[in-house]
Amino acid sequence: MLKCIGMAGNRSGKSSNAKGLWRFALIIATVGISCFSVTCAAEQNRVGIAVCSTTQVADFVRQVVGDRWEVQSVLTPGSDPHTYQITPADVQLVKNATLCFENGLHLEGADWMKNLAADAGKKLVTCTDRIQPIMIEEEGQAVPVRDPHAWFDPANARIYVLNILDAVVAADPDHEREYKARTELYLGQLRNLNAWIIKQVNALPRERRVLVTSHDAFNYFCKAYGFESAAPEGWSTGAEVGAGVTPASRAKAIESIRKFGVKSIFVETSVNPEVIKQMASEAGVQVGGSLYSDSMGPPGSAGETYLGMMRENVLTIIQALE
Ligand SMILES: [Zn+2]
């Protein structure tokens, strides 16, 4: 924009070329100023800063608050919430938060988001509150544990969003109508997503609905849409709770591949793909593609939103298994 004003200052005002340039500069300057004004207006109208643990949680929060809040995510696309180690920058980020949001059910390994919020004296919203968790058997654990990957069922995503709405309205009741209006629109989109997934999955015969992935992230998706699931890693990719790959879990996953005659197995965006690649070669099946699991895609990718990541996952799964 400054450059445009500079060009205007240097114009000769004589040649038609210069006139054209002057007009161009004026248009650019006007567009620049109006964009700048919009950004300023959005920033000036902001009432809070939401600091979220994961990219999915940040997307759900953004759907409710729009530009009214600044929304930040501690995890960047592609990072693993189970094994994440907090940094001094995260501590600083949470210090400035109006509200903190986490997935909960120990997705954030060793409860790093709970600890960040508690240390900064900030209110923490657990988005999986009121969700009925799937209980899973974990090797080395005496009792079943709660599976934290609840967002993979859009019916649960609805509960995440309603929990966020409650917290945001409580923090800023002046804009309740606005938050509820955004939520209403988004819940409609989640219902559409669910209906669309059912339609897509119905094209796949039941016996082909077997999902083998790097780690046990897809139990909620599998339960909602009638898939069998298997993964060489437990529900956690780290060793803090649950475990990584064990010979027994690996053997069990390979057994599932053979038993069900699976054509393809899948790697995940937030987990090292090596184990799946080796297993695919060992079992003589193909790698069907990469699924968004504990993290959404980077900005500009098809998976940069929850709706986008679910859509792309479903299409990848259907294409590889049909
Ligand atoms: Zn996970």
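What counts as what
Residues numbered from 1 in each chain as written. Predicted model: local features only at pLDDT ≥ 70, side-chain atom pairs only at ≥ 80, totals over all residues. Helix = DSSP H or I, 4+ residues; strand = E, 2+ residues; numbered from the N terminus. Buried ≥ 20, exposed ≤ 12 C-beta atoms within 10 Å, placed from the backbone. Contact = placed C-beta atoms within 7 Å. Axes fitted to C-alpha atoms, helices over the stretch in contact; angles between N-to-C directions. Parallel < 35°, antiparallel > 145°, perpendicular 65-115°, else oblique. Left-handed = near helix turned anticlockwise from the far one by under 90°. Pairing = 2+ DSSP bridges. Right-handed = clockwise from strand over helix to strand, strands pointing away. pLDDT = per-residue confidence, 0-100. Expected span 1.5 Å × (residues − 1). Core = buried A, V, L, I, M, F, W, Y, C linked by C-beta atoms within 7 Å. Domains from an automatic or database assignment.

What to know about the overall build of the protein
Move 1: The number of helices and strands found in the protein is eleven helices and ten strands.
Move 2: Taken across its 322 residues, the protein has 39% of its residues classed as buried.
Move 3: Of the contacts formed within the protein by residues at least 6 apart in sequence, a portion of 59% connects residues at least 24 apart.

Observations concerning helix α3 (residues 55-65)
Move 1: Counting buried positions over the eleven residues of α3 gives eleven, a clear majority of the element.
Move 2: As for α3, its buried residues are in contact with β1 (48-52), β2 (69-73), β3 (99-102), α6 (154-171), α7 (176-201) and α11 (306-321).
Move 3: Two residues or fewer past α3, Gly-66 is found with a positive phi of approximately 55°.

Overview of the packing of helix α4 (residues 88-95) against helix α5 (residues 112-120)
Move 1: It is the contact of α4 with α5, at a shortest axis distance of 9 Å, that shows an interaxial angle of 55°. Judged by the inter-axis angle, α4 sits oblique to α5. Every pair of crossing elements has a handedness; the one defined by α4 and α5 is right-handed. Across from Asp-90, Val-91, Val-94 and Lys-95 in α4, the residues of α5 making contact are Leu-116, Ala-117 and Ala-120.

Considerations on the pairing of β3
Consecutive side chains of a regular strand alternate in pointing toward one face of the sheet and then the other.
Move 1: Here β3 shows a buried face lined by Leu-99 and Phe-101 and a second buried face lined by Cys-100 and Glu-102.
Move 2: Across three bridges, the pairing between β1 and β3 is parallel. Directly across from Val-51, in β3, lies its bridge partner Cys-100.
Move 3: Looking at chain direction, β3 and strand β4 (residues 124-126) are connected through three bridges and run parallel. By the bridge assignment for β4, Glu-102 is matched with Thr-126.
Move 4: In the classification by handedness, the crossover that spans β3, the intervening α5 and the parallel β4 is right-handed.

Quick word on the confidence of the model for the protein
Keep in mind that low pLDDT regions are not for reading the predicted coordinates in detail.
Move 1: Averaged over the protein, the pLDDT score is 86; the fraction of residues at 70 or greater is 84%.
Move 2: Note on residues 1-17: pLDDT under 50 across the span, and 16 contacts to partners over four residues away in sequence or across chains.
Move 3: In the predicted structure, residues 239-243 sits below a pLDDT of 50 and forms 14 contacts with residues beyond four places in sequence or in another chain.

Description of the sheet that holds β4
Move 1: The four strands are arranged β2-β1-β3-β4 in an open sheet whose pairing can be described as parallel. Across the chains shown, the open sheet's two edge strands, defined by having one partner strand only, are β2 and β4. Strand-to-strand twist of the sheet, defined as the mean angle between neighbouring strand axes without regard to direction, takes the value 25°.
Move 2: Across five bridges, the pairing between β1 and β2 is parallel. Residue pairing in the sheet places Gly-48 in a bridge with Trp-69 of β2.
Move 3: Against the sheet, α3 contacts β1, β2 and β3, and its axis sits at roughly 170° relative to β2.

Some points on α6
Move 1: With 18 residues, α6 extends 26 Å between its outermost C-alpha atoms, agreeing within 8% with the 26 Å of an ideal straight helix rising 1.5 Å per residue.
Move 2: Of the residues making up α6, those classed as buried are Pro-154, Asn-156, Ala-157, Tyr-160, Val-161, Asn-163, Ile-164, Leu-165, Ala-167 and Val-168.
Move 3: On the buried face of α6, the contacting elements are α3, β3, β4, α7, α8 (219-225) and α11.

Quick look at unusual backbone geometry
Move 1: Non-glycine residue Asp-111 carries a positive phi angle of around 55°.
Move 2: For Asp-111, the location among the structural elements is in the loop between β3 and α5.
Move 3: Even without being a glycine, Arg-130 presents a positive backbone phi close to 75°.
Move 4: With respect to the helices and strands, Arg-130 occurs in the loop between β4 and β5 (135-136).
Move 5: For Arg-130, a count of 12 C-beta atoms within 10 Å translates into the label exposed.

Here's the deal with the nonpolar core
Move 1: Judged by nonpolar contacts, the single largest core of 72 residues is most densely connected at Ala-50, Val-61, Cys-100, Phe-101, Ile-164 and Val-212.
Move 2: The leading source of residues in this core is α6, at seven residues.
Move 3: Of the residues that make up this core, three or more belong to each of domain 2 (48-195) and domain 3 (204-321).
Move 4: In this view, Ala-50 contacts Val-61, Val-65, Trp-69, Val-71, Gln-72, Ala-97, Thr-98, Leu-99 and Phe-101; residues no more than four positions away in its chain are not counted.

Quick look at the environment of Leu-321
Move 1: Here Leu-321 shows up in helix α11.
Move 2: C-alpha separation for the pair Leu-321 and Arg-209, spaced 112 residues apart in sequence, amounts to 7.5 Å.
Move 3: Those residues in contact with Leu-321 that sit more than four places away from it in its chain are Leu-204, Arg-208, Lys-263, Ser-264 and Gly-288.

Details of the environment of Thr-54
Move 1: On the secondary structure map, Thr-54 appears in the loop between β1 and α3.
Move 2: A tally of 26 C-beta atoms within 10 Å means that Thr-54 is categorised as buried.
Move 3: Once you skip the residues sitting within four places of it in the chain, Thr-54 turns out to touch Ser-73, Leu-75, Pro-81, Asn-103, Asp-294 and Ser-295.

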